[in-house]
Amino acid sequence: MTSATLLTPATSSRPGGERPGKTTRAAERAYIRVLVVLDTAVLAVAILVGYLARFGDEEPTGSEIPYVVVAPVLLLVWLVSLKAMRCYDDQVLGYGADEYRRVSAASMRLAGGIAIAGYIADVGVSRGFLAISFAVGTVGLEVARFAARKRLHRARDRGAGWSRKVLVVGDTAHVLELVHTLRREPYAGYQVVGACIPDALLAPVPQRLGDVPVVGSFRGIPEAATAIGADTVAVTASGELTATRLRRLGWQLEGTGVDLVVAPALTDVAGPRIHTRPVAGLPLIHVEAPEFRGTRKLVKGFVDRSISLIALLILAPLLVVIALAIKIDSRGPVLFRQTRVGQGGEEFGVFKFRTMVVNADALLAELAARNETDGLMFKMRDDPRVTRVGRLLRKWSLDELPQLVNVLLGQMSLVGPRPPLPSEVARYDGDVARRLLVKPGMTGLWQVSGRSDLSWEDGIRLDLYYVENWSLAADLTILWKTFGAVLNSRGAY
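Residues numbered from 1 in each chain as written. Predicted model: local features only at pLDDT ≥ 70, side-chain atom pairs only at ≥ 80, totals over all residues. Heavy atoms only, no water.

Topic: the environment of Asp 157
Part 1 of the reasoning: Along the chain, Asp 157 falls in helix H4 (residues 127-157).
Part 2 of the reasoning: For Asp 157, a relative accessible area of 48% puts it in the partly exposed group.
Part 3 of the reasoning: Expressed as a C-alpha distance, the spacing of Asp 157 and Pro 186, which sit 29 residues apart in the sequence, is 5.8 Å.
Part 4 of the reasoning: Residue contacts for Asp 157: discarding those within four places in its chain leaves Pro 186 and Tyr 187. (Helix = DSSP H or I, 4+ residues; strand = E, 2+ residues; numbered from the N terminus. Buried < 20%, exposed > 50% of the residue type's maximum accessible area, 1.4 Å probe, protein only. Contact = heavy atoms within 4.5 Å.)

Structure follows, in structure tokens:
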């Protein structure tokens, strides 16, 4: 998943007051009501499936309590368990993995509790019924939450949907950086509505930072939040915001319904690497170093090669059909082998189905002035060098399937940074060169975030984020999202 600036909750001011933004609060409540209805429907279906799968048309026996009572009680207790695990808390809804973890934890804990209680009390409710109901229900809840979240993300991308109204507080440069970061991912649900800057930077006339209005200074942050209807105050770096002033700001926001979050200067670091430890009353953030070797790397390599081998065997008929289509469409070889740079700067030959005419490299100089991307890559939406079959292959990313051979040979990974050309690597600076610390991938964050539509800077940022924060769970998520990106054909040319 791409990442917004780390927002660390400093205080939660939920009790004791209504949020200032009534429209936002109403939209939030409407979304939560939809989730409750979805969860209820999913659990009802799961319990019905569990009953039919276990008993069918037979009359249940061995239970002192009729299932016409067991079913609604189980549904009600399950909903209470979701509520108790704060699965409807607005701080976890709509973004991040915590929502899914809480839903699963609520279901599994309830299942364990019922199993223990049933064993102690010897109630006699069918274990098969409970096992099927909880299995179907847990999966169903996750799928329903995923569908609801995707709908919310699409609404947020259109400027609609429930989002938090954010007042950003800090020095000018840091405010602008945080605003840019939050707007880069509108689906995260943080809509900047104003800014507060130090007293010394205020002017006698109304000011704007870009298109964000400056609504006050550090002296009147709560009043400014109320005036513009903000429900969240995001504090970024500033020399004037000392620990004492930040603590007092938290006190001032108590009971107002406005949340306080802190955006540290440390960005693009995933949650598993971050640990908060209280030391002498200070919440110190400890950041673990990235892991580039060890057992997890060995497991990743084994998974990569196993999946690539299975995929090659399954896709063999499709590969033959593509090869025949390329051969019939234009003269030249079926496969295109190009030198790329892999882990540690080692060069290797990447395999792709040929999508261009045979003299494509010779024609590049003539098209250089028509480059449609910044940075070191050449991208052109209507490249005349691409063949008819090549356009179809690129649209669906089928030209990259031969790279499964590179994965099988250990030169690439299924997920990783984009494999660069030697000419690109020759112009890397120290930061960008960190992309070479891991194997390049067939897909990656760049693939699921827009591909060729991304700027050079955003593509590098995503690659570096992956290098610093890779995990097997993240790889599986990216692989799943790759199917959606391919089907949408966004940025494929």
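Overview of a positive patch on the surface
Part 1 of the reasoning: Positive charge collects at one region of the surface, where Lys 150, Arg 151, Arg 154, Arg 158 and Lys 481 lie side by side.
Part 2 of the reasoning: Considering each element in turn, the positive patch owes the most residues, three residues, to H4.
Part 3 of the reasoning: Residue placement: Arg 151 occurs in helix H4.
Part 4 of the reasoning: With a relative accessible area of 63%, Arg 151 lands in the exposed category. (Patch = residues over 30% accessible without salt bridge, like charges linked within 9 Å, V, L, I, M, F, W, Y side chains within 5 Å. Areas by Shrake-Rupley, 256 points an atom, 1.4 Å probe, with all protein chains shown as cover. Salt bridge = Lys/Arg side-chain N within 4 Å of Asp/Glu carboxyl O. Lys, Arg positive; Asp, Glu negative; His and termini not counted. Charge placed at Lys NZ, Arg CZ, Asp CG, Glu CD.)

Thoughts on helix H2 (residues 67-84)
Part 1 of the reasoning: Taking 1.5 Å per residue as the helical rise, H2 with its 18 residues ought to reach 26 Å, and the 25 Å between its terminal C-alpha atoms agrees with that figure.
Part 2 of the reasoning: Buried within H2 are the following residues: Tyr 67, Val 70, Leu 74, Leu 75, Trp 78, Leu 79, Ser 81 and Leu 82. End-on, the buried residues of H2 take up no more than an arc of 160°, which puts them together on one face. Residues of H2 that are exposed and angled more than 90 degrees away from the buried face: Val 68, Leu 76, Lys 83 and Ala 84.
Part 3 of the reasoning: Taken from the residues just after H2, Arg 86 is the one with a positive phi, measuring 60°. (Expected span 1.5 Å × (residues − 1). Arc of directions from axis to C-beta.)

Some remarks on unusual backbone geometry
Part 1 of the reasoning: In this structure, Arg 86 takes a positive phi of about 60° despite not being glycine.
Part 2 of the reasoning: Mapped onto the elements of the fold, Arg 86 is located in the loop between H2 and helix H3 (98-121).
Part 3 of the reasoning: Its relative accessible area of 45% is what places Arg 86 among the partly exposed residues.
Part 4 of the reasoning: With a phi angle near 60°, Ser 397 is a residue other than glycine that sits in the positive phi range.
Part 5 of the reasoning: Residue position: Ser 397 is located in the loop between helix H10 (388-395) and helix H11 (403-408).
Part 6 of the reasoning: Judged by relative accessible area, which is 9%, Ser 397 ranks as buried.

Focus: the packing of H2 against H4
To characterise two packed helices, one gives the angle between the axes of the helices and the distance between these axes.
Part 1 of the reasoning: Interaxial distance between H2 and H4 falls to 13 Å at its minimum, and their mutual angle equals 40°. Considering the angle they form, H2 stands oblique to H4. The way H2 lies across H4 gives a crossing that is right-handed. Contacts between H2 and H4 involve Tyr 67, Val 70, Leu 74, Trp 78 and Leu 82 on the former and, on the latter, Phe 129, Leu 130, Ser 133, Phe 134, Gly 137, Thr 138 and Leu 141.
Part 2 of the reasoning: Split into classes, the residues belonging to the contact of H2 with H4 amount to nine nonpolar, three polar and no charged. (Axes fitted to C-alpha atoms, helices over the stretch in contact; angles between N-to-C directions. Parallel < 35°, antiparallel > 145°, perpendicular 65-115°, else oblique. Left-handed = near helix turned anticlockwise from the far one by under 90°. Nonpolar A, V, L, I, M, F, W, Y, C, P; charged D, E, K, R; others polar.)

Remarks on the nonpolar core
Part 1 of the reasoning: If you look at the biggest cluster of nonpolar residues, it comprises 28 residues, and the most contacted ones within it are Tyr 31, Leu 43, Leu 74, Trp 78, Leu 82, Phe 129 and Leu 141.
Part 2 of the reasoning: Core analysis: the next-biggest nonpolar cluster, separate from the first, contains 25 residues, Ala 323, Val 389, Leu 414 and Leu 445 among them. (Core = buried A, V, L, I, M, F, W, Y, C linked by side-chain atoms within 4.5 Å.)

With respect to the pattern of salt bridges
Part 1 of the reasoning: Within this structure, the stated rule accounts for 13 salt bridges.
Part 2 of the reasoning: Between Asp 39 and Arg 145 there is a salt bridge; the shortest N-O distance is 2.9 Å. Taken together, the positions of Asp 39 in helix H1 (residues 22-55) and Arg 145 in helix H4 put the pair 106 residues apart, joining distant regions of the chain. Like Arg 145, Asp 39 is buried.

Some thoughts on H4
Part 1 of the reasoning: The first and last C-alpha atoms of H4 sit 45 Å apart over 31 residues, in line with the 45 Å expected at 1.5 Å per residue.
Part 2 of the reasoning: The N-terminus of H4 is capped by Ser 126, whose side-chain oxygen sits 3.3 Å from the backbone nitrogen of Gly 128.
Part 3 of the reasoning: At the C-terminal side of H4, Gly 159 shows a positive phi close to 85°. (Polar contact = N/O pair within 3.5 Å; in protein donor to acceptor, adjacent residues only side chain to side chain.)

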